[in-house]
Amino acid sequence: MRPITFSMLAGVSLAGVVACATARSNTPTAGSTHGVPPRETVTVAADEPIPNLPGKRLVTHIVDYPPGASSLPHHHAPSAFIYAYVLSGEIRSQVDDEPVRVYRPGETWFPGAHHRVSANASDTEPARLLAVIVVDVGDEPLVIPDPH
């Protein structure tokens, strides 16, 4: 699979980015093994410095959720600013102390720091999310699982 680079995105509208992300066929298989619930698959579509914002980089993730899949509760790097866009299916999300909400294709939001719930809202259909992250160049890791 050929990754999308920042230079490919330069001058492209959000609709163009979404079209590229939607065209990428990386649908994971449904189900789980040995009682382990299915998890999301994250594909890094871009990770490039932003030329006119020294010290910042743009990272885009395509997050695929098989039916019934969810992410573990997590938070992101301290400098991360995140934009989320549902490409297909329905995503159930709870950020910080906000109520749980279901987002549908074309809906967007700016997730906060603590992702308490991030899941496919369906047990029968896959879901796909585009996450666009602006972050400090050296800020790693981008996703930090909650301690158990």
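Reference entry: report on the structure contained in this document.

Procedures and definitions
- Residues numbered from 1 in each chain as written.
- Predicted model: local features only at pLDDT ≥ 70, side-chain atom pairs only at ≥ 80, totals over all residues.
- Heavy atoms only, no water.
- Helix = DSSP H or I, 4+ residues; strand = E, 2+ residues; numbered from the N terminus.
- Contact = heavy atoms within 4.5 Å.
- Buried < 20%, exposed > 50% of the residue type's maximum accessible area, 1.4 Å probe, protein only.
- Polar contact = N/O pair within 3.5 Å; in protein donor to acceptor, adjacent residues only side chain to side chain.
- Phe/Tyr/Trp six-rings, centres within 6.5 Å; stacked < 30°, edge-to-face > 60°.

Scanning the protein from terminus to terminus reveals two helices and ten strands. Written out in order from the N terminus, the α and β elements of the protein read α-α-β-β-β-β-β-β-β-β-β-β. In the protein, the share of contacts with a sequence separation of at least 24, taken over all contacts with a separation of at least 6, comes to 67%.

Another aspect to go through is the side chain of S122. Tracing the sequence through the fold places S122 in the loop between β8 (114–120) and β9 (127–136). Ignoring any residue separated from it by four or fewer positions in sequence, one finds S122 in contact with P67 and G68.

Turning next to the environment of D64. Following the sequence through the fold, D64 ends up in strand β2 (residues 56–65). Residue D64 is classed as buried on the basis of its relative accessible area, which comes to 3%. As for D64 and E40, which are separated by 24 residues in sequence, their C-alpha atoms are 5.5 Å apart. Within the structure, the side chain of D64 is placed 2.6 Å from the side chain of R128, a separation counted as a polar contact.

Now for the packing of aromatic side chains. Both the distance between ring centres and the angle between the ring planes are used here to describe each pair of aromatic rings. With the rule as written, the count across this model stands at three aromatic pairs. On the numbers, 5.5 Å between centres and 35 degrees between planes, the contact of F81 with F110 is tilted. Taken together, the residues F81 in strand β4 (residues 81–88) and F110 in the loop between β7 (108–109) and β8 connect sequence positions 29 residues apart. An aromatic cluster is built from F81, Y83 and F110, whose rings are joined through pairwise contacts.

Take it as geometry only, folks, not as evidence of what the structure does.
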